[in-house]
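Here are the chains, one letter per residue:
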Amino acid sequence: KAGVTQTPRYLIKTRGQQVTLSCSPISGHRSVSWYQQTPGQGLQFLFEYFSETQRNKGNFPGRFSGRQFSNSRSEMNVSTLELGDSALYLCASSSEFSTTDTQYFGPGTRLTVL
Amino acid sequence: DQQVKQNSPSLSVQEGRISILNCDYTNSMFDYFLWYKKYPAEGPTFLISISSIKDKNEDGRFTVFLNKSAKHLSLHIVPSQPGDSAVYFCAAQVGYGGATNKLIFGTGTLLAVQP
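As the structure is a computational prediction, the values presented were derived from the model and not from experiment.

J.: Give a description of the packing of aromatic side chains that names residues and reports values.
T.: Residues and elements named next belong to chain B. Considering all chains together, one arrives at 13 aromatic pairs over all chains under this definition. With a centroid separation of 5.8 Å and 55 degrees between ring planes, the pair formed by Tyr36 and Phe105 is classed as tilted. One end of the pair, Tyr36, is in strand E4 (residues 32-38); the other, Phe105, is in strand E10 (residues 104-105), with 69 residues separating them in the sequence. By relative accessible area, which is 2% here, Phe105 ends up buried.

In structure tokens form, the structure reads like this:
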């Protein structure tokens, strides 16, 4: 089975711009979660989507949003970028049939805001 | 407020010896705990997990211990191998069985296994 894929892998933007990141989960997985990793804060939960609905949300401002499509692929959008948004954005997918709820992570998108 | 803490940013051990990575948590509602390993330029990889109804779970060289009264868990790697060198993250969640996938992560411990 193919793993979780994220595109693009690297992105450079300037302050004030907006960005869209994409995540394709493992085939058959309907849950997709997004995390932000920064050196100072570690890995922080952004939000989770399940069957096209946001099921959980972290503590991030409204500039961070996401959506999930009927094929379970997910996108996250960050508007009005700030320097502090520079981070590695990780996507993880899981199957609701897993008894361990293991989340499988993609390689991440490295966003740099100048 | 950091609900999951890994107080040792780094750890160095000799090949063949035991590596012990520690994690503390503050939220007594957590009922499922996981360890992930991360290499540079890759996403975290699931290692081992434990539910709050257990105090120990083993998988090959990896054992996780949970002390609920102390709100502490640890990961033991025996014997340690150079390929184990990576950043290890402890994570916790409230809820189990597909209802939620919101993981709260610690800040990670960089393990270096010296040949």
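J.: Report on the environment of Leu47 of chain B, specifying residues and quantitative values.
T.: Residues and elements named next belong to chain B. Structurally, Leu47 is set in strand E5 (residues 45-51). Residue classification places Leu47 among the buried residues on the basis of a relative accessible area of 16%. For the pair formed by Leu47 and Ser12, sequence separation is 35 residues and the distance between their alpha carbons is 19 Å. Residues within four places of Leu47 in sequence aside, it is in contact with Trp35, Tyr36, Lys37, Asp59, Phe62, Leu75 and Tyr88.

J.: I'd like a rundown of the state of the cysteines, residues and numbers included.
T.: Taken as a whole and assessed by the stated rule, the structure comprises 2 disulfides over all chains. Disulfide pairing is shown between Cys23 of chain A and Cys91 of chain A; the S-S distance is 1.7 Å. Judged by the sign of its S-S torsion, about -50 degrees, the bond between Cys23 of chain A and Cys91 of chain A is left-handed. Within this pair, whereas Cys23 of chain A is found in strand E3 (residues 19-24), its partner Cys91 of chain A is found in strand E9 (residues 87-94), the two being separated by 68 residues in sequence. Between the sulfur atoms of Cys23 of chain B and its disulfide partner Cys90 of chain B the distance amounts to 2.0 Å. Disulfide Cys23 of chain B to Cys90 of chain B: torsion about the S-S bond roughly -70 degrees, handedness left-handed. Note that Cys23 of chain B is positioned in strand E3 (residues 19-25) and Cys90 of chain B in strand E9 (residues 86-93), a separation of 67 residues in sequence.

J.: Go over the pairing of strand E7 (residues 64-68) of chain A with me, naming the residues and quoting the values.
T.: Residues and elements named next belong to chain A. With 5 bridges connecting them, E7 and strand E8 (residues 74-78) associate as antiparallel partners. Within E8, the position partnered with Gly66 by the bridge is Met76. As consecutive antiparallel partners, E7 and E8 are separated by 5 residues, and within that stretch Ser72 has a phi angle of approximately 80 degrees, a positive value.

The rules behind the values
Residues numbered from 1 in each chain as written. Chains lettered and ligands numbered in written order. Predicted model: local features only at pLDDT ≥ 70, side-chain atom pairs only at ≥ 80, totals over all residues. Heavy atoms only, no water. Phe/Tyr/Trp six-rings, centres within 6.5 Å; stacked < 30°, edge-to-face > 60°. Helix = DSSP H or I, 4+ residues; strand = E, 2+ residues; numbered from the N terminus. Buried < 20%, exposed > 50% of the residue type's maximum accessible area, 1.4 Å probe, protein only. Contact = heavy atoms within 4.5 Å. Disulfide = S-S within 2.5 Å. Pairing = 2+ DSSP bridges.

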